[in-house]
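The primary structure of each chain is shown beneath.
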Amino acid sequence: MMANSGALALIAWLLPIFSFLVLAIVFPFRRLGRPAAWFSTLCAAGAFASAVLAWRIQSVAAHPVHLVWPWLPTAGKTIADVGVLVDAQSTIMLCLVSLVAFLVQFYSVGYLHDEPAPALGRYYAYQSLFAFSMMGLALAPNLLQLFMCWELVGLCSYLLIGFWYQRPSAARAAVKAFWITKAGDVGMLVGIVMLYRLAGTFDITELHSMAASNALPLAGLSIITFCLYLGAMGKSAQFPFHVWLPDAMEGPTPVSALIHAATMVTAGVYLLVRTDWLFALTPNVLLIVAWIGAFTALLAAVLACVQDDIKRVLAYSTVSQLGYMMTAIGAGVASAGFLHLLTHGLFKALLFLGAGAVIHAVGSNDLPNMGGLARRMPQTALVFIIGTLSLAGIPIFGGYVSKEEILGAVWGAHLTGPFLLLMLVAGLTAFYMFRVVFLAFFGTPARVAAVAHAGAGHTTPPRVAHAALHNEAVVEGAHVNETPHAHEPPATMLLPLWVLAVGTMVVGVMSTFHLGGFAAAEAAGETAPGWLTPTAVGVALAGIALAWATYQMRAVNPESLANAFGPIRSAALRKFWIDDIFEGIYSFVLLGFSRIVGWIDRYLVDGVLNLLSDWTVQAGDELRGIQTGKPQDYVYGIGAGVLVLILLMRLVF
Amino acid sequence: MTFDIGMPMIPEAALFGLMVLVLLIGLIQRPASPALIGWLTFIGFAGTFGLTFFAREGATLFSGSFANDSLAIFSKKLFVASAALSVLGSLTLRQGSFQRRAAEYHFVLIASVLGMLVLASARELILLFVSFELMSIPLYVLTGFVKRQDAAPEAALKFFLVGTASSAVIVYGISFIIGVTGSTDLAAIPTALVSNDPMMLLGMTLLLAGLGFKIAAFPFHMWAPDTYEAASTPFVAWLAVAPKAAGFIAIIRLYVEGVGAATLVWMPVVAAVAGMTIITGNLMAIPQHNIKRLLAYSGIAHIGYMLVGLAALSANGIAMVLFYLVAYLFGNMGAFFVVEAVARSENSEEIDAFKGLAQRSPLLALAMLVFLLSLGGIPFVAGFWAKLYVFLAAIDRGMYGLVFLGAVLTVVALYYYLLVARRMYIEAPVRTERVQVPTLLGVVIFICILGVVGMGAWPRPWVDATQHAAASVFAAPSASTK
């Protein structure tokens, strides 16, 4: 039984890499496009099936399965293994990853049907590699494998954000995402190596038992956990590293759903959940985690309120929710953060894929170009609203319980400041999400949108002007509908939406009424005071009401609402200058420094190096002289060598 | 003694049979079909390779002068496997002289391998020397066998002259040793060495110089570039690996096995030779225009790195030398086979022949790149672990300076390896058509790629195997003492 779950997890992990290798090596197959896509999707489906089976076994198993092979040998001992650590946590993460990966791949067949065949094959190769890396991260038995997979998912993210690399903004966003997460990763690597110096192992299980038995020296541990947290900050887009995530929306929307909402960005949270016993030893770092998390949540929620690009709203919302999870971990209740990670993975993937359906139909990312879509695409509207209600934390929907648990945990940890921030965020979340719902699905169809439909080209002049004005993404090249009216997406896209919607609802209902495994989870987090739930739901409803009044009833003039928050709004429109600060740091500090370094490099380092390399090359030329080609000289060489050796031996004695 | 397949000498007997068979075919069928002879030799080598797996560890013959310990068995596998690869690669050789005299070529080659196998097991000075010569003399013949009419005999003659000089040094050294110990048994060396007799040390030093020639260590390396340049490439691929491995085995037998702590006497000398070899090999590789000369000098540098591992004179160090040998086998043979493929199509062994190879034959260029990266010691291909491990072994003995020197010169090595890569990937091709790679050559290159990448991704089994092989050297004083 036990070995089974290990093998199943292994199958789930290796199926995508099999698919990747087939697509990568058999390039004629990859270039076929569609067959390659279905092959990859099939592998992902198989991975999901075995992940579920592994989870079914492991959720009732008493012990985790530790299935590893020694790797990186040195004399006498193994530095690190590769393999899988199968426990309840990793298998449920595996289920989430494989489910969303499978659905996104399935959805992409419809979404990217205009893509040329070779590009489609390339897309699926990346998707498979990503699924493999993310599962390897989830299952990693040691920090080294986790770090390698961590870097691999970063690579896949880079490749997929820049999937339309012909577009400069996509290429730039890919590089930005790569560098900013990399900055965190450096910290993380330092942390891992320092931890190895301290504990002598990378193995998570061993580290855990060391931490449990107080065998870990506490001195310097704070620096280590902070370094690990740096990595998590980069990956999970915590302030001030959050700037890459909204730009990452340059990638195809299914990619955003998979990587930048449901899975990769939660890797940072997962790392902290996986090592919460380590962080528990350093409460000062946890406090930082909580405050930065709460602040990130608020900052991103405010930013989400002023975005016109539907994907950017969702991106900031993701940042905000990641802040929520981090705050829970900072409060010392990692399980609450992990639960929110799982529910958020479901409904945020749903929202992104729903947004993808809308973009697919309208041919634009911008809310002003939408409106009244509920009549044209009722199914999409319905699932999108389910996702929105989940995100807002309304009872019986997916995000309700996990959000309550986080709030309860933060309150229970006496973090009043972060708690108030999160409460505010709850209201803002409901507001900005329903702003999207009302603007996109209700109200009147936008005139600009009609223009977009009338034009047969991929980009229309108003869009381009708009994009230029806001310095934002040009319309996704995926599909511009040529019919005058937006319509429901094809079945390949609708089906994943419904699967996710039903999944969200099932989780929501079960958790709200304490059914199944949630009863146990609930018991653990039963610290919340009685007033908390009504308050949180009330705040959310207030946010919904405000959005309704503003954008549906037009009872409140959006302009006057905006003016009421004038300075904040204009600051938010400039993204609180954080991107500008990064830009400034980049162009003045970094580039300035680069110029200085460049000068030193060119004239000093290069000078010395050139001299050295000239000497080296010259020495090579000089030495050539001894290679005369005359055998008598060679024999002299032997004779001289013998003499020198004898002299050396004489010197020794 | 009853006959069984695990007995010592069984692989040797098989090779001897093969040798006679090839000779007979060559005498009967005139001219002998190169394909027949080649395949026969290959199958013979493959079969011998299989036989080595049955060899029983610790078995001895002839009153202990011929012993099959784990080191012997490991190195026999190495010799036979590399010879099999070389034969497979040379099956497609088209040169006239090779076509006409295939039986002689293979006969001589088998004789040399036979010498190596005996050498690996030899526990007796005379047997060691004779088997060494059995290995070496065919190499002189093979060097002059094919290829450019004037260059090959010249190189062969040079190789022969200097080789003979080094053999003379070896015999001279052996005479001192026998004089001091009064015995030809290797087991007598440790006791004599501990007695600190200067004549003994002189003998051993002379012997070391002679063996240094065989492994092409500085300053005994000068034969290598001339020989490599002139001889046929599939043979050179093997020449650059197997005889050197044999030299190392002999050194291990003579200087490390059973000597105990007294072996540390040799540490400064070996370290000095290692350092000088790394420096000369790497520096002299830079100005080369001929790819085979470049690989020859880089091979000398690799010998230096192996000597670093040897200088540690520890079980771990010896194991890592063996590991390095295997990594070097795959990387170096692979590189030479790619050279053969390109040289055949371009009729040139200049580095410039590689210009724009990536555009013409992307897979071949990629293979060459992988081999070069392995030789350069880039993670995660075989050569990286090899270098890392010999360095670690040396650090265990506190030889930080030597390791630092080696690491710095790795950068120099990367420079000239990447010069080749640059030709392949950045410079524009002179011609555009694909480089035709004969199927068998492709197979051999593929095997080498598997080896390089496999060892890089999963070094564990190789490390275990080499450590097992090296363990016998440090086992309790050898059982061969009568």
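Residues numbered from 1 in each chain as written. Chains lettered and ligands numbered in written order. Predicted model: local features only at pLDDT ≥ 70, side-chain atom pairs only at ≥ 80, totals over all residues.

**Q** I'd like a description of the overall build of chain B, backed by residues and values.
**A** Across its full length, chain B holds 21 helices and 2 strands. For chain B, the proportion of contacts with a sequence separation of at least 24, taken over those separated by at least 6, is 81%. (Helix = DSSP H or I, 4+ residues; strand = E, 2+ residues; numbered from the N terminus. Contact = placed C-beta atoms within 7 Å.)

**Q** Mind laying out the environment of A:His344, listing which residues take part and the relevant values?
**A** Residue and element names in this part refer to chain A. Summarising the element assignment, His344 is placed in helix H16 (residues 334–362). On the neighbour-count criterion, His344 (30 C-beta atoms within 10 Å) is buried. Taking the C-alpha atoms as reference, His344 lies 8.2 Å from Ala261; in sequence the two are 83 residues apart. Aside from chain neighbours lying at most four places away, what touches His344 is Gln321 and Gly399. (Buried ≥ 20, exposed ≤ 12 C-beta atoms within 10 Å, placed from the backbone.)

**Q** Explain the interface of chain B and chain A to me, using residue names and the numbers behind them.
**A** Each partner contributes residues to the interface: chain B has 35 residues there, and chain A has 27 residues. Within the residue set of the side of chain B that touches chain A, elements represented by two or more residues are helix H7 (151–181), helix H9 (198–214), helix H10 (223–230), helix H13 (267–285) and helix H21 (460–471) of chain B. Take the side of chain B that touches chain A: its biggest share by element is 8 residues, from H9(B). Of the residues contributing to the side of chain B that touches chain A, the split by class is 27 nonpolar, 5 polar and 3 charged. (Nonpolar A, V, L, I, M, F, W, Y, C, P; charged D, E, K, R; others polar.)

**Q** I'd like a rundown of the confidence of the model for chain A, residues and numbers included.
**A** Residues and elements named next belong to chain A. The pLDDT averaged across chain A works out to 80; a share of 86% of its residues lies at or above 70. The spread of mean pLDDT over the elements of chain A runs between helix H22 (residues 461–470), the lowest at 37, and helix H12 (residues 267–274), the highest at 90. Across residues 448–484, where pLDDT falls below 50, the model places 62 contacts with residues more than four positions away in sequence or in other chains. (pLDDT = per-residue confidence, 0-100.)

**Q** Explain the nonpolar core to me, using residue names and the numbers behind them.
**A** Soluble globular proteins tend to bury their nonpolar side chains together. Core analysis: the largest hydrophobic core is formed by 212 residues, its most contacted members being A:Leu94 and A:Val410. Ranked by the residues each element gives to this core, the list is headed by H16(A), at 18 residues. With residues near it in sequence (within four places) discarded, A:Leu94 still touches A:Ala9, A:Ala12, A:Ala51, A:Ala54, A:Trp55, A:Met135, A:Ala138 and A:Leu139. Listed in part, the 208 residues of the second largest apolar core include B:Phe176, B:Ala367, B:Leu375 and B:Val435. (Core = buried A, V, L, I, M, F, W, Y, C linked by C-beta atoms within 7 Å.)

**Q** Describe unusual backbone geometry, naming the residues involved and giving the relevant values.
**A** The omega torsion across A:Phe239 and A:Pro240 is 0°, close enough to zero to call that bond cis. Along the chain, the position of A:Pro240 falls in the loop between helix H9 (221–235) and helix H10 (244–247). With an omega dihedral of -5°, the bond running from B:Phe218 to B:Pro219 counts as a cis peptide bond. Structurally, B:Pro219 is set in the loop between H9 and H10. Its identity as a non-glycine residue notwithstanding, B:Asn347 has a phi of 60°, on the positive side.

**Q** Let's hear about the packing of helix H20 (residues 416–441) of chain A against helix H25 (residues 532–552) of chain A: which residues, and what values?
**A** Residues and elements named next belong to chain A. Closest axis-to-axis distance for the H20/H25 pair is 7 Å, and the angle between their directions is 35°. In the packing of H20 onto H25, the handedness of the crossing is right-handed. Only Ala536, Val539, Ala540, Ala542, Gly543, Ile544, Leu546, Ala547, Trp548, Tyr551 and Gln552 of H25 make contact with H20, whose side of the interface consists of Met423, Ala426, Gly427, Leu428, Thr429, Ala430, Phe431, Phe434, Arg435, Phe438 and Leu439. In the contact of H20 with H25, the residues fall into 17 nonpolar, 4 polar and 1 charged. (Axes fitted to C-alpha atoms, helices over the stretch in contact; angles between N-to-C directions. Left-handed = near helix turned anticlockwise from the far one by under 90°.)

**Q** Tell me about the packing of H9(A) against H12(A), and please be specific about residues and values.
**A** For any two helices packed against each other, one specifies the crossing angle of their axes together with the interaxial distance. Residues and elements named next belong to chain A. It is the contact of H9 with H12, at a shortest axis distance of 7 Å, that shows an interaxial angle of 150°. Considering the angle they form, H9 stands roughly antiparallel to H12. The residues of H12 that touch H9, namely those facing Leu228, Gly231, Ala232, Met233 and Lys235, are Ala267, Gly268, Val269, Leu271 and Leu272. Considering only residue class, the contact of H9 with H12 consists of 7 nonpolar, 2 polar and 1 charged. (Parallel < 35°, antiparallel > 145°, perpendicular 65-115°, else oblique.)

**Q** Could you give an account of helix H5 (residues 117–139) of chain A, with specific residues and numbers?
**A** Taking 1.5 Å as the rise per residue, H5(A) with 23 residues should run 33 Å; its terminal C-alpha atoms sit 33 Å apart, in good agreement. Within H5(A), 20 of the 23 residues are buried, which leaves the element mostly enclosed by the surrounding structure. (Expected span 1.5 Å × (residues − 1).)

**Q** How would you sum up the confidence of the model for chain B? Please name residues and give values.
**A** Residues and elements named next belong to chain B. On average, chain B scores 86 in pLDDT, and the residues at 70 or more come to 96%. When mean pLDDT is taken per element in chain B, helix H14 (residues 291–311) scores highest with 92 and helix H4 (residues 96–100) scores lowest with 68. The complex prediction reports pTM at 0.67, with the ipTM value standing at 0.75.

**Q** Outline the environment of A:Thr444, listing residues and values.
**A** Residues and elements named next belong to chain A. Relative to the elements of secondary structure, Thr444 occurs in the loop between H20 and helix H21 (447–454). Put simply, Thr444 and Leu373 are 71 residues apart on the chain and 8.6 Å apart in space, counted from C-alpha to C-alpha. Setting aside residues no more than four positions away along its own chain, Thr444 makes contact with Gly371 and Gly372.

**Q** Can you explain the environment of B:Phe107? Please cite residues and give values.
**A** Residues and elements named next belong to chain B. By the element assignment, Phe107 lies in helix H5 (residues 102–121). As a C-alpha pair, Phe107 and Leu18 span 89 residues in sequence and 8.5 Å in three-dimensional space. Residues in contact with Phe107, not counting those within four places in the same chain, are Met19, Val22, Leu23 and Gly26.

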